[in-house]
Amino acid sequence: MPIFAVHYSYSDSTIADRDTHRPEHRAWLAGLVESGTLLSSGPYPDGSGALLIFRSDDAGQLKELLARDPFAREDLIDDVRAVEWVPVLGAFAP
């Protein structure tokens, strides 16, 4: 199954609302980890965004999934960039 690197970009104007909705966002992510859909995720230390590594059948299915993220539902993500990624070495390589 393809792997996708998803980059979220955040702005300073959403900090308070992200803090409010972070528990629901992380619970949603934890459920995806349990199902094997999300391989890893975490914020950038400077607060500018986050990196999420997903398994998904295709980009369309991933887009539908990302729309269910509580941060997305609350319009707290300024930009989403999702690209298929082919790891050849390391923890995510076959």
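Predicted model only: the values in this text are computed from it and were never measured.

What counts, and where the lines are drawn
- Residues numbered from 1 in each chain as written.
- Predicted model: local features only at pLDDT ≥ 70, side-chain atom pairs only at ≥ 80, totals over all residues.
- Heavy atoms only, no water.
- Buried < 20%, exposed > 50% of the residue type's maximum accessible area, 1.4 Å probe, protein only.
- Helix = DSSP H or I, 4+ residues; strand = E, 2+ residues; numbered from the N terminus.
- Pairing = 2+ DSSP bridges.

Remarks on the pairing of strand β3 (residues 49-55)
- Within β3, five of the seven residues are buried, leaving the element largely enclosed by the surrounding structure.
- As paired elements, strand β1 (residues 3-9) and β3 share seven bridges and run antiparallel to each other. Residue pairing in the sheet places Phe 4 in a bridge with Phe 54 of β3.
- The antiparallel pairing of strand β2 (residues 38-43) with β3 creates a hairpin that spans five residues between the two strands, and Gly 47 there sits at a positive phi of about 80°.

Describing the environment of Arg 22
- For Arg 22, the location among the structural elements is in helix α1 (residues 15-35).
- The partly exposed category is assigned to Arg 22, whose relative accessible area is 23%.
- Residues Arg 22 and Pro 45 lie 23 residues apart in sequence; the distance between their C-alpha atoms is 16 Å.

Some words on the pairing of β2
- The pairing of β2 with β3 spans five bridges and is classified as antiparallel. Opposite Ser 41, over in β3, you have Leu 52 as the bridge partner.

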